[in-house]
Amino acid sequence: VLSGGASLGRFCGNALPGELVAMGGFTVVLTSDARVGGSGFDLEFECGPITPTPPTPVPTTPAPPTPVPGAQYLTLRADDGATVSGGFGFLSDGYGSYPADTDKAVTFEGNCELRWTSFDLEASDNCEWDHVVVTSGGASQKYCGGALPPAASFSGSVTVALYSDAMVEGRGFDLEFQCEPVTPAPPTPKPTPAPLTPAPLTPEPVVTPEPVVTPEPVVTPVPVVTPAPSVALTLRRDSGRTVAATAGTISDGWATYPDATRRELTVRGASCAVRFTSLDLEGSDSCEWDNVEVLSGGASLGRFCGNELPGELLTEGGSFTVVLTS
């Protein structure tokens, strides 16, 4: 049930919701998937006359009154996928109100500090709908709603990404950034050798030459390929890729994964331990509908559905593949 550009609630199952109060009209939306159906719903509504109230001015985030010399002005709308190395400036979503179904990101490199000056996204309990994700060093943090995220400092690189679903949108965000390049440590000076004092020359005895020894062939060592460090991957963005990594995270990458999809991702490395930290797929007796499957060494380690977390899986053969089917 929607009213005034916001959701009054999303309901399923057979528990009756409480009374909802809408101002200026309301919209009822029924959505179903391709599987199980129910007997539907009935509701009563009662509407009274609307007393006009003066409009509430919509707060806007003012741009800096004058351009700051040397500052960079970036937007996710225009600079999606960009990498910023050093400097300072401003980043915003770049829209009056960000659009539905968006997925855009900007990365900063160096020793960076981020300070948020405005923030207005659709609110949800676990930020599973619209949200901003800040990722650095393999760790991620989600933000949504109207509270300003805390200012924070990062070393190496940090990525700011905006994701939105197909329903309610907010006004977006603005932040200031300051990044200093990482200064490499100075090289260690080599010690200065002491001057050599020539020794007096002594006649050398006559030496009988040794037989000529054929040297062994020089074996060129094979370069060792070091896997990439910890990574954060999603089937939505990285499907079809093969990634070398020693540690990381894999998620489906959607707020709610779509119908009739098949996405897969392969990770190369030594023997790996795979642990599920969350699972919420359509349940069935043999997982023949929606499921996620882990393959390794030419065999399936398991096909899973529903919301019960499987135990730890051990891979072999130097790689494993995660497949999502709906």
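Everything below is about the structure shown above.
Below: a short report on this structure.

Scoring rules and cut-offs
Residues numbered from 1 in each chain as written. Predicted model: local features only at pLDDT ≥ 70, side-chain atom pairs only at ≥ 80, totals over all residues. Heavy atoms only, no water. Helix = DSSP H or I, 4+ residues; strand = E, 2+ residues; numbered from the N terminus. Rg over C-alpha atoms; globule rule 2.2 N^0.38 Å. Buried < 20%, exposed > 50% of the residue type's maximum accessible area, 1.4 Å probe, protein only. Contact = heavy atoms within 4.5 Å. Areas by Shrake-Rupley, 256 points an atom, 1.4 Å probe, with all protein chains shown as cover. Lys, Arg positive; Asp, Glu negative; His and termini not counted. Charge placed at Lys NZ, Arg CZ, Asp CG, Glu CD. Pairing = 2+ DSSP bridges. Axes fitted to C-alpha atoms, helices over the stretch in contact; angles between N-to-C directions. Salt bridge = Lys/Arg side-chain N within 4 Å of Asp/Glu carboxyl O. Disulfide = S-S within 2.5 Å.

1. Digging into the overall build of the protein chain
At step 1: Across its full length, the protein chain carries 2 helices and 19 strands.
At step 2: Relative to the globule expectation of 20 Å for 326 residues, the C-alpha radius of gyration of the protein chain, 30 Å, shows a markedly less compact shape.
At step 3: Principal-axis analysis of the C-alpha atoms gives the protein chain an extent of 120 × 65 × 25 Å.
At step 4: A burial count over the protein chain gives 29% of its 326 residues as buried.
At step 5: A separation threshold of at least 6 residues defines the contact pool for the protein chain, and within that pool the share at least 24 residues apart is 62%.
At step 6: Accessible surface for the protein chain amounts to roughly 22600 Å². Of this, 56% is attributable to carbon and sulfur atoms.
At step 7: Taking the average location of the 16 positive side-chain charges in the protein chain and that of its 38 negative ones, the two points are 5 Å from each other.

2. What to know about the environment of G86
At step 1: With respect to the element layout, G86 can be found in the loop between β4 (83–85) and β5 (87–92).
At step 2: With residues up to four places along the chain from it excluded, the contact list for G86 reads Q72, E109 and C179.

3. Quick notes on the sheet that holds strand β17 (residues 299–304)
At step 1: Read from one edge of the open sheet, 5 strands run β12-β14-β19-β16-β17, paired in mixed fashion. Two strands in the sheet have a free side with no partner beyond their single neighbour: β12 (242–244) and β17. For this sheet the average axis-to-axis angle between neighbouring strands, irrespective of direction, equals 20°.
At step 2: Pairing geometry for strand β16 (residues 291–296) and strand β19 (residues 319–325), over 5 bridges, is antiparallel. In the strand pairing of β19, E293 is matched with V323.

4. With respect to the side chain of T261
At step 1: Along the polypeptide, T261 turns up in the loop between β13 (248–251) and β14 (262–268).
At step 2: Setting aside residues no more than four positions away along its own chain, T261 makes contact with L324, T325 and S326.

5. A short note on the pairing of β5
For a regular strand, side-chain orientation follows a simple rule: the groups alternate between the two sheet faces.
At step 1: In this structure, strand β3 (residues 72–75) lies alongside β5, joined through 4 bridges in parallel fashion. Residue T75 lies in a different strand from β5, and its bridge partner there is S92.
At step 2: In the sheet, β5 pairs with strand β10 (residues 172–180) via 6 bridges, with the strands oriented antiparallel. Directly across from F88, in β10, lies its bridge partner Q178.

6. Remarks on the pattern of salt bridges
At step 1: In this structure the tally under the stated criterion is 7 salt bridges.
At step 2: Across the pair E176 and R115 runs a salt bridge whose closest N-O atoms are separated by 2.5 Å. Here the residue E176 occupies a position in strand β10, and R115 occupies one in strand β6 (residues 103–120), the gap between them amounting to 61 residues.
At step 3: Salt-bridge contacts for E264 lead to R262; the nearest nitrogen and oxygen are separated by 2.8 Å.
At step 4: Shared partners join several salt bridges into a network, and the residues in it are R237, D238 and R241.

7. Focus on the state of the cysteines
At step 1: Throughout the structure, instances matching the rule amount to 3 disulfides.
At step 2: Between C127 and C144 runs a disulfide, and the two sulfur atoms are separated by 2.2 Å. Handedness here is read from the sign of the S-S torsion; for C127 and C144, about -75°, the answer is left-handed. Here the residue C127 occupies a position in the loop between β6 and β7 (131–136), and C144 occupies one in the loop between β8 (139–143) and β9 (152–163), the gap between them amounting to 17 residues.
At step 3: Between C287 and C305 runs a disulfide, and the two sulfur atoms are separated by 2.2 Å. Residues C287 and C305 are joined by a disulfide whose S-S torsion is about -75°; by sign, that bridge is left-handed. Here C287, found in the loop between β15 (273–274) and β16, pairs with C305, found in the loop between β17 and β18 (313–314); they are 18 residues apart in sequence, far enough to count as distant.
At step 4: Exposure remark for C287: the relative accessible area of 9% places this residue in the buried category.
At step 5: Between C12, a cysteine without a disulfide, and C305, which holds the nearest cysteine sulfur, the sulfur-to-sulfur distance is 18 Å.

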